[in-house]
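# Working through the structure, step by step
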Amino acid sequence: MTTATAGDINLAESRTWATVDLDAIAHNVRAIRGRLPAATAFMAVVKADAYGHGALPVARAALEAGASWLGVATADEAFQLRAGGMDAPLLILGPIPEALIAKATDAGCALTVANESFISTAQRASTSTRMRVHIKVDTGMTRLGIVPDALESALATLDPSRVTVEGIFTHLASADEPDPAMTRKQLAAFQQAAQTVRGRWPHALRHAAASAGAFAYPDAALDMVRIGIALYGVPPAPHLTTPALRAAMMLTTRVVHVRRVAAGTPVSYGAAYRTRRESTIITVPVGYADGYPRSLSGTGHMLVGDQRVPVAGRVCMDYTMLDVGDTPVREGDTVTVFGGGLPAAEVAEAAGTIAYELFCRIGSRVPRIYKPARARA
């Protein structure tokens, strides 16, 4: 994946590109921080290359704006951040291979204890650095974590001379749903588990809320929140009241082919789309290899100027065709795939998915161009 600032790349030579507004990232951190208790730490979740936005630039912008922790999914993601100069507290949010435990510990990464077997695995690792861990408790997600009934026995196997329990956390499975019943049940179970852990490690950080939980359940902010999708400017659920977030990514492409066609002209594979009248069909060089979902075939839209135009027929690997009707279009004109007046969440919904996936699918051949965060007076 190519990365550059806006002044470092010749857009006239680019076929499709993603613009990432780091000032939007900084704005979102400050806006969300303003909704949190002053003592609550802010973890910027930058796993999956910061949801496709670019882990290093986003991490740097988030930390400068007030985040104090970074969260990733894998050891390799952590090592990339450390190699890029990010020395902030960092938690690897899931289990990692035994062969990488010592390296991760020596790099100053906090590790997640997601099951009982990982404790013995981690304590076999040879490292001169005291291991910092966060205990993950499964309160209802049924993905990773120690169930509350097994927590006491799991903690008893920890060697306090080698391991410091720095935190305890859980993941709320339904915080973005209107019905609070399951989330309240999870939070009650988590608070009991946190009391158990804090009986041995009184200063262990408690964290349960991700983006949805931070907005829907202010009492779940606890000692830290883990902010992912809201960091990138997407509200985690339509019914939640959020601060004014700014979308950080815009995906733009360029017209490479224009053709005026007669009514009834077939377009793309299978001739599934035929023009209803004389119309202009344009081709843009973005397809499912770039992360544009094939499920948008015949249902999606893009923006030509401020006009929404439909996807004509099936999305191809490298190209998508659009029916622009009588709108004047020339080769080289820009087209917005998502962003601006066509929010990513809306495009994702039309594709039958969520904005998280839409961002993460943007391929490596799409360069990311960064607009820097503005210095605050």
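Overview of the structure.

About the cut-offs
Residues numbered from 1 in each chain as written. Predicted model: local features only at pLDDT ≥ 70, side-chain atom pairs only at ≥ 80, totals over all residues. Heavy atoms only, no water. Buried < 20%, exposed > 50% of the residue type's maximum accessible area, 1.4 Å probe, protein only. Helix = DSSP H or I, 4+ residues; strand = E, 2+ residues; numbered from the N terminus. Contact = heavy atoms within 4.5 Å. Core = buried A, V, L, I, M, F, W, Y, C linked by side-chain atoms within 4.5 Å. Pairing = 2+ DSSP bridges. Axes fitted to C-alpha atoms, helices over the stretch in contact; angles between N-to-C directions.

### Brief notes about helix α6 (residues 116–124)
Every buried residue of α6 is listed here: F118, I119, T121, A122 and Q123. Against the buried residues of α6 lie α5 (101–106), β6 (109–113), β7 (131–136), α7 (151–156) and β8 (163–169).

### Notes on the environment of C360
Within the element layout of this structure, C360 appears in helix α11 (residues 355–360). Here C360 falls in the partly exposed class, since its relative accessible area comes to 40%. Sequence separation between C360 and V335 is 25 residues, and the spatial gap between their C-alpha atoms is 21 Å. Leaving out residues up to four positions away in the same chain, C360 has contacts with A48 and Y51.

### Quick notes on the nonpolar core
Grouped together as the largest cluster of nonpolar side chains are 122 residues, with contacts concentrated most on V46, I92, I135, F338 and F359. Among all residues touching V46, those that are not within four sequence positions of it are A55, V58, A59, L70, G71, V72, L81 and Y232.

### Remarks on the sheet that holds strand β15 (residues 279–284)
The antiparallel open sheet is built from 3 strands, whose spatial order is β12-β15-β18. The sheet is open, and its two borders are formed by β12 (257–261) and β18 (320–325), each paired with just one other strand. Going from strand to strand, the sheet's axes swing by 25 degrees on average, the running direction of each strand aside. Where β15 and β18 come together, 5 bridges link them in antiparallel fashion. Following the sheet pairing, V284 is matched in β18 by T320.

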